[in-house]
Amino acid sequence: MSHASTSKRRGFPNPIAWIGRSTIGLLSEVGKLTNFAVRIMAAAFSPSWNFAQIWKQVIAIGFYSLPVVGLSAVFIGAALALNVYTGGNRFGAEQFVPNIVALGITRELGATITGLMLAGRVSAGIAAEIGAMKVTEQIDALKTLSANPFRYLYAPRFLAACLTLPILVFVSDIIGIMGGWLVSVFGLDFDSTTYLRNTVDFLTMEDIVVGLIKAVVFGAVIATMGCYQGSKSKAGATGVGRAATLSMVGAAVLVLAANYMMSTLFVNIGI
Amino acid sequence: MTETTSPILQLKNVEKHFGSNRVLRDVNLDVERGSSLVILGGSGSGKSVMLKCALGLMTPTAGQILFDGVDVTHDQGKTREAMRARIGMLFQSGALFDSLTVWQNVAFRLLNAQKMNRSRAKERAIETLKKVRLGASVADLYPAELSGGMQKRVALARAIITEPDLIFFDEPTTGLDPITADAINDLILEQVNALGAATVTITHDMASARKVANEIAMLFEGEIIWRGPASQIYDSGNDYVDQFVHGRADGPIQPAI
Ligand SMILES: Nc1ncnc2c1ncn2[C@@H]1O[C@H](COP(=O)(O)OP(=O)(O)OP(=O)(O)O)[C@@H](O)[C@H]1O
Ligand SMILES: [Mg+2]
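The shown structure was predicted, so the numbers you read here are calculated from the model rather than taken from an experiment.

### Observations regarding the site of ligand 1
All names here are of chain B.
Okay, step 1: Ligand 1 sits among 15 residues. The nearest are Ser43, Gly44, Lys47, Ser48 and Gln92.
Okay, step 2: Between ligand 1 and Lys47, the relevant distance is 2.7 Å, taken from an oxygen atom to a side-chain nitrogen or oxygen of the residue.
Okay, step 3: Contact between ligand 1 and Ser48: an oxygen atom at 2.7 Å from a side-chain N or O atom of the residue.
Okay, step 4: Taken by itself ligand 1 offers 630 Å² of open surface, and the protein chains cover 62% of this.
Okay, step 5: A per-element tally of the shell around ligand 1 places helix 1 (residues 47–55) first, with three residues.
Okay, step 6: Partitioned by chemical class, the residues of the shell around ligand 1 number four nonpolar, nine polar and two charged.

See the structure below:
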């Protein structure tokens, strides 16, 4: 143990050791999150639902997310229409704008954008709220009063998110398509009636259902991540802030990963 | 119910470490039925950690916890739930639910675990609030609208409403004026004398300790270093206890700086 070697080690961590440690850390984190998710689902699907709590969360998660979901959708739809138009222009395919906008929004962007926005608004919000309860010993108090936090706190948030996300995504589909229509009709000289007829004729039930199924999964991911990070929040304002950040980042990445996996699955089974 | 004279709570060789910080090293403590035990100990000596281990909110690193003769150290299921239904806890920080009103906090166990109807539960909550010298007018306020001392009393009301067999009070009189503090002392005594509960009270307030305690124990460096009748606290013959109860800066206990 020479001094030189220890100080060298402090400056440049051994990369192999670092990779090993990170891998183990990641795996153990995945394990804990999975265990947590299983416990939330067990609580959520055991019948003795706390309807008052669920309703409160539906309002908090669903209703108050409408503005942010609507605004994001209209801009995404508008930008999509513009890009498809310019791109299609190169080989004379401008007339496909309504179809591609409708398909892109319902199968991908409506759900993904809603999922991402709610990873910020809802997942971080849940993590901050649960984290604050954790560090002020309210979770301990719940346990001593014979209330299981999985039943009383986490399951209502999980159920509310799984129920409201599809509704929000449906709203986002409509507003997103409207965003594309606005740009096409008022900016790109499309005929309004033709645009709308093309959209309606082209879309199938499956396109919409695919987005809504994704939404349920995103809701589960967002609520689980928020509750998980909140419940292991460290004391203090920085601890709670960190829990909120981690849950937002984690939920966003998982939403995108889940989206890709589900898209693959749906394409493979042909819906 | 064969062993009615056995202690209601026993901690046996309990250790609790946080990484390299060995907070509890070897705690042995019996709490007798219907007795009032006061725990003394410096700030950061592990008093709150000891209560949390007893309640199963933290798992001890080593040792055993027995409630009513049953080992509950690692149990996560029915036994622990049955234990918690018989224990009241006043958290040092109050730990009131800030999304619920005062009466919903106080009546939380009645409303949730016991499924009592709301109007009956509210009546009970208001009765209990009176015992901690709070009027019915605070019942519909939220915890954030109360002063620190009032929050503490609401938390106290929540701990005693179901008349538990064992009650932990983590610094019940900290932050209260002397008159209210004494009313709280009387309330703790009432739990013991009229309702037959056992209480464990953590306090730095020597007046309160002398008034409520049958017995006093002192926690120092992770062990119970002295335990004796409350009447002996000023001539315990133990230098550590002497220094603590007289509040002297010099002595065997060195202030951590
Ligand atoms: N969750 C935790 N994680 C890590 N360390 C902890 C945790 N809780 C308590 N500790 C440590 O345990 C020690 C004892 O804390 P505890 O809260 O029991 O002190 P206390 O005796 O109640 O003090 P006070 O009189 O100030 O309330 C402290 O050093 C604290 O840092
Ligand atoms: Mg303490």
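### Points about the coordination of the magnesium ion (ligand 2)
All names here are of chain B.
Okay, step 1: Distances from the magnesium ion (ligand 2) to its protein donors, Ser48 (OG) and Gln92 (OE1), fall at 2.0 to 2.1 Å. On the criterion of sequence distance, the pair formed by Ser48 in helix 1 and Gln92 in the loop between strand 6 (87–90) and helix 3 (102–106) is long-range, its members being 44 residues apart.
Okay, step 2: Look at Gln92 and you get partly exposed, because its relative accessible area is 36%.

### Observations concerning helix 10 (residues 236–269) of chain A
Since one α-helical turn is 3.6 residues long, residues separated by three or four positions face the same way.
Okay, step 1: The first and last C-alpha atoms of helix 10 of chain A sit 48 Å apart over 34 residues, in line with the 50 Å expected at 1.5 Å per residue.
Okay, step 2: Downstream of helix 10 of chain A by a residue or two, A:Gly270 has a phi angle that is positive, lying close to 80°.

### A look at the pattern of salt bridges
For side chains of opposite charge, pairing can occur when their charged atoms come near one another.
Okay, step 1: Counted under the stated rule, the structure contains 14 salt bridges over all chains.
Okay, step 2: Linking A:Lys232 and A:Glu29 is a salt bridge whose minimum nitrogen-to-oxygen distance equals 3.4 Å. Within this pair, whereas A:Lys232 is found in the loop between helix 9 (205–231) and helix 10, its partner A:Glu29 is found in helix 2 (residues 15–44), the two being separated by 203 residues in sequence.
Okay, step 3: With a shortest N-O distance of 2.7 Å, B:Arg86 and B:Asp165 are connected by a salt bridge. Taken together, the positions of B:Arg86 in the loop between helix 2 (78–85) and strand 6 and B:Asp165 in the loop between helix 6 (148–160) and strand 7 (166–170) put the pair 79 residues apart, joining distant regions of the chain.
Okay, step 4: Judged by relative accessible area, B:Asp165 falls into the partly exposed class, the value being 31%.
Okay, step 5: Because the salt bridges share partners, they merge into one network encompassing B:Arg33, B:Asp68, B:Arg86 and B:Asp165.

### Overview of a positive patch on the surface
Okay, step 1: A cluster of basic residues, A:Lys32, A:Lys134, A:Lys234 and A:Arg242, forms a positive patch on the protein surface.
Okay, step 2: Note on placement: A:Lys32 falls in helix 2.

### Re the pairing of strand 8 (residues 198–202) of chain B
Residue and element names in this part refer to chain B.
Okay, step 1: Along strand 8, five of the five residues are buried, which leaves the element largely enclosed by surrounding structure.
Okay, step 2: Side chains Ala198, Val200 and Ile202 of strand 8 all project onto a buried face; the interleaved residues Thr199 and Thr201 project onto the opposite face, where all are buried too.
Okay, step 3: As paired strands, strand 3 (residues 36–40) and strand 8 are joined by four bridges and run parallel to one another. Residue Ser36 lies in a different strand from strand 8, and its bridge partner there is Thr199.

### Quick look at the nonpolar core
Okay, step 1: Judged by nonpolar contacts, the single largest core of 88 residues is most densely connected at B:Leu9, B:Leu166 and B:Phe168.
Okay, step 2: Here the element with the most residues in this core is helix 7 (residues 149–186) of chain A; it accounts for 13 residues.
Okay, step 3: Counting contributing residues per domain, this core is built from domain 1 (1–86 + 166–191 + 198–249) and domain 2 (94–163) of chain B, each supplying no fewer than three.
Okay, step 4: Aside from chain neighbours lying at most four places away, what touches B:Leu9 is B:Leu29, B:Asp30, B:Val31, B:Ala54, B:Ile65, B:Leu66, B:Phe67, B:Leu166 and B:Phe168.
Okay, step 5: One finds B:Leu134, B:Leu146, B:Ala181 and B:Phe220 within the second-largest nonpolar core, a separate group that totals 47 residues.

### What about unusual backbone geometry?
Okay, step 1: Positive phi is not limited to glycine here, since A:Ser146 has a value of about 60°.
Okay, step 2: Assignment of secondary structure puts A:Ser146 in the loop between helix 6 (138–144) and helix 7.
Okay, step 3: With a phi angle near 55°, B:Lys115 is a residue other than glycine that sits in the positive phi range.
Okay, step 4: Position of B:Lys115 relative to the elements: it lies in the loop between helix 4 (108–112) and helix 5 (118–131).
Okay, step 5: Take B:Lys115: its relative accessible area is 67%, and that puts it in the exposed class.

### Observations regarding the packing of aromatic side chains
Okay, step 1: The full count for this structure, using the stated rule, is 13 aromatic pairs over all chains.
Okay, step 2: With 5.4 Å between their ring centres and 80° between their planes, A:Phe63 and A:Tyr64 make a pair best called edge-to-face.
Okay, step 3: Against the face of B:Phe97 rests B:Arg158, its NZ or CZ located 4.8 Å from the ring centre.

About the thresholds
- Residues numbered from 1 in each chain as written.
- Chains lettered and ligands numbered in written order.
- Predicted model: local features only at pLDDT ≥ 70, side-chain atom pairs only at ≥ 80, totals over all residues.
- Heavy atoms only, no water.
- Near = heavy atom within 4 Å.
- Polar contact = N/O pair within 3.5 Å; in protein donor to acceptor, adjacent residues only side chain to side chain.
- Areas by Shrake-Rupley, 256 points an atom, 1.4 Å probe, with all protein chains shown as cover.
- Helix = DSSP H or I, 4+ residues; strand = E, 2+ residues; numbered from the N terminus.
- Nonpolar A, V, L, I, M, F, W, Y, C, P; charged D, E, K, R; others polar.
- Donors = N, O, S within 2.8 Å, 3.2 Å for Na, K, Ca; no water.
- Buried < 20%, exposed > 50% of the residue type's maximum accessible area, 1.4 Å probe, protein only.
- Expected span 1.5 Å × (residues − 1).
- Salt bridge = Lys/Arg side-chain N within 4 Å of Asp/Glu carboxyl O.
- Patch = residues over 30% accessible without salt bridge, like charges linked within 9 Å, V, L, I, M, F, W, Y side chains within 5 Å.
- Lys, Arg positive; Asp, Glu negative; His and termini not counted.
- Charge placed at Lys NZ, Arg CZ, Asp CG, Glu CD.
- Pairing = 2+ DSSP bridges.
- Core = buried A, V, L, I, M, F, W, Y, C linked by side-chain atoms within 4.5 Å.
- Domains from an automatic or database assignment.
- Contact = heavy atoms within 4.5 Å.
- Phe/Tyr/Trp six-rings, centres within 6.5 Å; stacked < 30°, edge-to-face > 60°.
- Lys NZ or Arg CZ within 6 Å of the ring centre and 35° of its normal.

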